[in-house]
Each structure stands twice: as C-alpha cells, then as structure tokens.
Amino acid sequence: MPVPQDNPFANGSSEEFPGFPGTTTGLTAAEAARLTGRGLWAADGTVDPDVARLGRTLATALLNADDDPRTPLPAELAARVQEVRARALPAYHRIEATDGIRLSALSLRQSAAGPHPLVVVPAGWTPHGWPLFLWSYLDLARRGYHVLAYTPRGLGTPGLPSTSEGLVDIAGPHDWADGSAVVDFAIEHLAPSAIGFLGASYGSGISQLVAAHDDRVTAVVALSTWGNLATGLYDHGTRHLAAVKALLALTGGPVETKFDKANQEVLADFLAGRNLDRVVEWGRLRAPESYLHLTNENETPTFFSNAWHEGLFAVNQLLETFDDLRVPKRLNLWIGDHTAPEGPGLVGTEPGEENLPLAEAYAWLDHHLKGERNGVEEWEQVCGQVMFTYVTEPVLDPGTGEPTGENRIVEEAARESRADWSRFTTGVEVLGLTGDGAGGADGRLLPAGETSAPSEVTGWRRSFLAGVDTEATVMDGLMSTGQAERAGNPKTYDTRKIDRRHAVVWTSAPLTPLTGDGEVGRRVRGAPRLRLTVRSTAGSAGLVAHLFDVSEDGTARIITHEPLNVYGLTPGQDRTVTWRLQAAAYDIAPGHRLMLVVDSKDPLYGDASVTWTQTAFGSPEGAPSFLELPLG
C-alpha cells in the first residue's frame, strides 16, 4: 500500500499529548549514566522507577514541539530523539476499540516516501504502559518502520496519559479484538506495506493471539512469552503463586478496580487453590497454543526469545507450543529470567552496544516484513546460550580499588544452534538413586552399569520432615536473581546449609568427561526426568526437585528445578511419580559433582505439604528411582 504524503492525523485521529507529571525537569547526563547496564527490574522485582522515568522523559521529549524547553535530555539521548523526529512524525492517540474503550497509543509515521512496514507493540503488564519501551520504538523507526505502540486495556496508573480505559482482560477475547482494532487504525492512517507485532511479556502473548485471529499480521516477535497460560501458571498440580502475586502487583491498581467480576473470581480461585479445573479452562482460552491451528493456517512466522530460568512462565510450556508450530520459527533461549535478556535493549540502558536478543528479533522482522536476505533464512530453529559459560572479572570500587563482590562479563557465554528442539538432546544418562544416607548423609547418584549390586538402587526408603523450606530455594526473588545471573553474578549456594532433616539429597562422584575431550564433565541439554516412589503420613505431599552443579569447595549453582504436588495419598501406601524438570543447557566442569535435592516447599509455589508430617521416598524393584540426565 502506498504511504500518503499528507499528514494522516489531520482528520483528528491524533490528540494533544498532556505530558507526564514530574518530567519537566528532564534528565541529566549523570542520571542517564547511572542507568547504564540496568535492566528493567529493581531489586524487589518491580519495574525500576528510574528506568520508568527514562521512558516517560523520552516520550515527553519526542512528543513536544521543537521549541518546547521542557524535558532537557543529555546530548546523546537528545540526538537520538531528534534523529527520529527528522524521519518520523510522532503522534499521541486514543484508539477506540469495538466496544468504545479508548486505548492510549503512540505512533511514529515515516516521513519519507514508502512503502514502509509497520511494527505494532502492545505494552507489557506494568502500570507504565507504552512509554516504558520507548527506546525500542526509536530503534524501530531508525530501521525504517512505522511504529504503533499501545497500552492494553485496563493497564496503567489513573491520571497518566499512557493509561488505557476499561478493565484488564488478561489476554482474553477483548484483547484480541483490541489488537485488530489497532490494525484497522494503522491501515487507515499509516497505510503500511506489511504488519508485524512485537511484544514482551504480556504484549508477547497478546501479539501471538492477535496474529492467530487476524491474518493481516505478517510476522510476530514474542519476547519472554507464554505458549500455554494454563500450564505456565499451574502445572504438576502446583500453583505458581509468586508469579501471579507479582503480576497482580504490577497492574497499576487494586484487583477490584482492574478486573471484571468474572476475572476477579478466577484469580481468587487460583490464589485460594479451589475450582482449579475452571482456572485451567480460563488459562487455555488465553493460550496461544490453543490456536496453533489458526497460526499454522495463517503461516505466520513466529520468533520466541525466553530465558532458561524464566520465573513467570517456565520454559517447558513454551517448548511444547514451539514444537507444534508449523511455520517459519525461531526460539532463542538465554541466561537470565523474565525480560532480563531483552530488557536493557527495550528500555535503552544497554551500555553503548547493541542488545543481541533484540538485534536478532529485529533481524527477524527485517527478513519477514521487508524481505531482506540478512541471514535469517539460514538460521536453525533453536539457539541456546549455555549457562554459565561467560568469562567474568571482578568489579572494583573506583575509590578504593578493592573488589565489590560483583563481577562483570568480559566474554559472552557460548551459544549452540540446532535444527529443531528434538535435536537439542542427543542422548541420556540414567543415574540410579541409592538408599544410603542415614544420619543426614547424602545418597549417591550412580550411573547405570556402575552399581555393585541391584540392592544399591532398589529396596531402600529415605524420609524427611515436610512443610519446612530449606536453603535449596530456586531463587532469591523473581526477576532480580535472573537479572543478576544475566549480568555475570549467578546465585551461589552453600550445599552444607541445606537441612537434611527437611530434604533428601543425592550426590554423584566427581564427574569425568564422557567424550574424552577433558573440557566438560557433563553437557546437560534438555529436560531432566525424575522418578520417585513417594508415601506420606498425610494425604498429600509437596515435592520440589532441584538439580545443582557442586564445585570442589561445596558451593553450588542451580541447573534446573521443578515442583510436583501429589494428592490423594493413602498414609503408609506408595505411589510412583515421574515428572520432568525444566529444560536447561548447562556445562558441568570436570571434577564437579551433580547434586539432586528434593524438599517440600519453595517461595515460588503453592505446595501440598502438611507441616511436620513425614514424607518418604522408596525405590521398589519394579520401579527403581532414577534421574534421567539429557545430554547433548
């Protein structure tokens, strides 16, 4: 479609931008410098207020008149804004949805003769709306795209111009219809040559769902996303409570003012652990996986970027969705947690260099929206960053020259590509679990064929007191722990502090390389599988399996984990359970040991444990307990 050369907003589709409170003082160079290298998240797992202020300040500067003295910016940021304003016309809008709800939006319309493709960006699940990712819109405009960013209905802080009307639909049918209304608006006022959607977190799920239901969408980029909201929030009988509580805290208001009655009831059921079948049905309605037949029919190229230690939407649920896509597709998996890989690039705090996760996302759009032959056509489907293969050096205090205790990355972690997910794992190693460990000692993980007698891995029983958490926690906090590991500072565990009264532990011998190259003790690639026979003195048991890489000094880093709640137990009777831990790509150094810890609680999850009851594991001859380690 040709791009009209007159002002497409002269018909009243744009509105005067009222500006944001507190941005008239602008941003100093020192303040901007302090943001360098920060991601999206503060230490408490909420959006860093300084990063949010950066986005609001950039938005106000972009939408102000050239001679408006408000919001002075450091020279580098001011130059970026002026560069974009020289090539693209910014405008503020209230886009009306089919039911009359008005959505807050920003557009950047390319001034040069077209055609130009469009990238639509639904904002993430935060109270800040579309300004938070303002830096990425500048990047897209510099690449020649029209940009149309909007805040999904109900999100935002009352009184701010970035807040949309209505109630949050949690990626429901209203959000799909809103996305199509935004497309209608874009076609009328921007006349794009092609339309792509790019979203992070909440915006990524909406992007997939809109594309499934609207064949005008040519390509999708989904960053830190979900494929199945049902299993993303409730899987293996376990509610991901911390994730939902964190999300509810980020809407910009209390539940009673943000959601309609039906969604309030579902959320209340989830938090209380009741009517979970209804909750699952509700989640499936909002799962892109439920509409893969539509995405496949539309042949919509889809790009995913996620983290191995994703805390909000665990990686396994996305892998299942990805496997069933029959379209051009790509899955990047990174070190970190929710939006930690892409966050610095989205918000403009990357320290003077291109954000690789975003650069590859943009390349995907360039290929599928512009037709560029830029190497994307040669990409294999899956590329995983290997934990924690980066090289770091200590950060020194500028005043004293002494180490601060933090590290910085000087050489990025290795990445590995595979033609598809099924080829990420090339073999498995089965490790039998032994019953020794009386008096708090650890049992052993024995490779198959190395047991001296079958009795070592069968016929045993080990027990612990349930309902008390241990030092084997998955993370210190959602987003914050993953952001630290993304920056070169993964959480370190002292395995001696794991209380064996409240957990059962198995440890391997120091690992020697299987391949003879001497470099790696084990290359974990894929989703480990664990089988245990469990009984409890209560009618239910909560189990949280953690897999650790333990160095010679007894400190460890977590490889992966996964909870399982077991219900309907008869006290004193066994039940054999098998479940998969979250997928990982992790190299264990020679001489390190593999440690499996199973306890009964973790702050991330709702558990089925009854405090001070006894949970026991066994390994009967007909169903020996084992850990199946995927290798690649």
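That block above? That's the structure.
Described in the following lines is the structure provided in the data block. Since the model is a prediction, treat every value here as computed from it, not as a measurement. (Residues numbered from 1 in each chain as written. Predicted model: local features only at pLDDT ≥ 70, side-chain atom pairs only at ≥ 80, totals over all residues. Heavy atoms only, no water.)

Here we come to the environment of P328. As for its placement among the helices and strands, P328 is situated in the loop between α13 (315-324) and β11 (329-334). By relative accessible area, which is 42% here, P328 ends up partly exposed. A sequence separation of 53 residues divides P328 from Q381, and the C-alpha atoms of the two residues are 8.3 Å apart. Residues contacting P328, with those up to four places away along its chain left out, are T300, P301, T302, W364 and H368. (Helix = DSSP H or I, 4+ residues; strand = E, 2+ residues; numbered from the N terminus. Buried < 20%, exposed > 50% of the residue type's maximum accessible area, 1.4 Å probe, protein only. Contact = heavy atoms within 4.5 Å.)

The element strand β24 (residues 555-566) is largely enclosed, with a buried count of 10 among its 12 residues. With 2 bridges joining them, strand β19 (residues 493-494) and β24 adopt antiparallel strand pairing. Residue pairing across strands places D494 opposite T555, the latter belonging to β24. Where strand β23 (residues 541-550) folds back onto β24 in an antiparallel hairpin, the turn is made up of 4 residues, including G554, whose phi is positive at roughly 90°. (Pairing = 2+ DSSP bridges.)

Another point: the nonpolar core. The biggest cluster of nonpolar side chains holds 173 residues, and the ones touching the most others in it are W130, Y137, W506, L530 and F617. In terms of residue count, the dominant contributor to this core is helix α2 (residues 49-63) (8 residues). Setting aside its immediate chain neighbours within four residues, Y137 contacts L106, L108, V121, W130, V147 and A149. (Core = buried A, V, L, I, M, F, W, Y, C linked by side-chain atoms within 4.5 Å.)

Interhelical geometry of α2 versus helix α3 (residues 75-87) gives an angle of 45° and a closest axis separation of 10 Å. Put simply, α2 runs oblique to α3. As for how α2 packs across α3, the hand of that crossing is right-handed. In this structure, α2 contributes L54, L58, A61 and L62 to the contact, and α3 contributes L77, V81, V84 and R85. Here the contact of α2 with α3 is built from residues that sort into 7 nonpolar, no polar and 1 charged. (Axes fitted to C-alpha atoms, helices over the stretch in contact; angles between N-to-C directions. Parallel < 35°, antiparallel > 145°, perpendicular 65-115°, else oblique. Left-handed = near helix turned anticlockwise from the far one by under 90°. Nonpolar A, V, L, I, M, F, W, Y, C, P; charged D, E, K, R; others polar.)

Once that is clear, we can look at helix α6 (residues 202-213). The terminal C-alpha atoms of α6, which comprises 12 residues, lie 17 Å apart, in line with the 16 Å expected from a rise of 1.5 Å per residue. Judged by how many residues are buried, α6 sits mostly within the fold: 11 of 12 residues are covered. Taken residue by residue, α6 has Y202, G203, S204, G205, I206, S207, Q208, L209, V210, A211 and A212 as its buried positions. (Expected span 1.5 Å × (residues − 1).)

What follows is about the packing of aromatic side chains. One pass over the structure, following the stated rule, counts 21 aromatic pairs. Between F17 and Y92, the ring centres sit 5.1 Å apart and the planes meet at 70°, which makes this aromatic pair edge-to-face. Placement of F17 in the loop between β1 (14-15) and α1 (29-34) and of Y92 in strand β2 (residues 88-96) is noted, with a sequence separation of 75 residues between them. Taken together, a centroid distance of 6.5 Å and an interplanar angle of 45° make the contact between W308 and W421 tilted. Residue W308 is found in the loop between β10 (302-307) and α13, and its partner W421 is found in the loop between β15 (415-418) and β16 (427-433); the two are separated by 113 residues along the sequence. According to the relative accessible area criterion, W308 is buried, its value standing at 3%. Looking at W421, the relative accessible area reads 14%, which means it is buried. Three or more aromatic residues link up through ring pairs in this structure, and these residues are F17, F20, Y92 and W130. (Phe/Tyr/Trp six-rings, centres within 6.5 Å; stacked < 30°, edge-to-face > 60°.)

Attention now moves to the sheet that holds strand β12 (residues 382-385). Hydrogen bonds between backbone groups are what pair the strands of a sheet, and the pairing can be parallel or antiparallel. Read across the sheet, 11 strands follow the order β1-β2-β3-β5-β4-β6-β7-β10-β11-β12-β15 without closing on themselves; strand pairing throughout is mixed. Two strands close off the open sheet at either side, each with one partner strand: β1 and β15. Strand direction decides the pairing type here: strand β4 (residues 118-122) and strand β6 (residues 195-200), joined by 3 bridges, are parallel. If you follow L118 over to β6, its bridge partner there is I195.

Our focus in this paragraph is the pairing of strand β7 (residues 219-223). Within β7, 5 of the 5 residues are buried, leaving the element largely enclosed by the surrounding structure. Sheet topology note: the β6/β7 ladder contains 5 bridges and is parallel. Note that in β7 the partner of G199 across the bridge is A222. Of the crossover connections in this fold, the one passing from β6 over α6 to the parallel β7 is right-handed. Bridge count for β7 against β10 is 4 bridges, and the pairing is parallel. Paired with V220 across the two strands is T302, which belongs to β10. (Right-handed = clockwise from strand over helix to strand, strands pointing away.)

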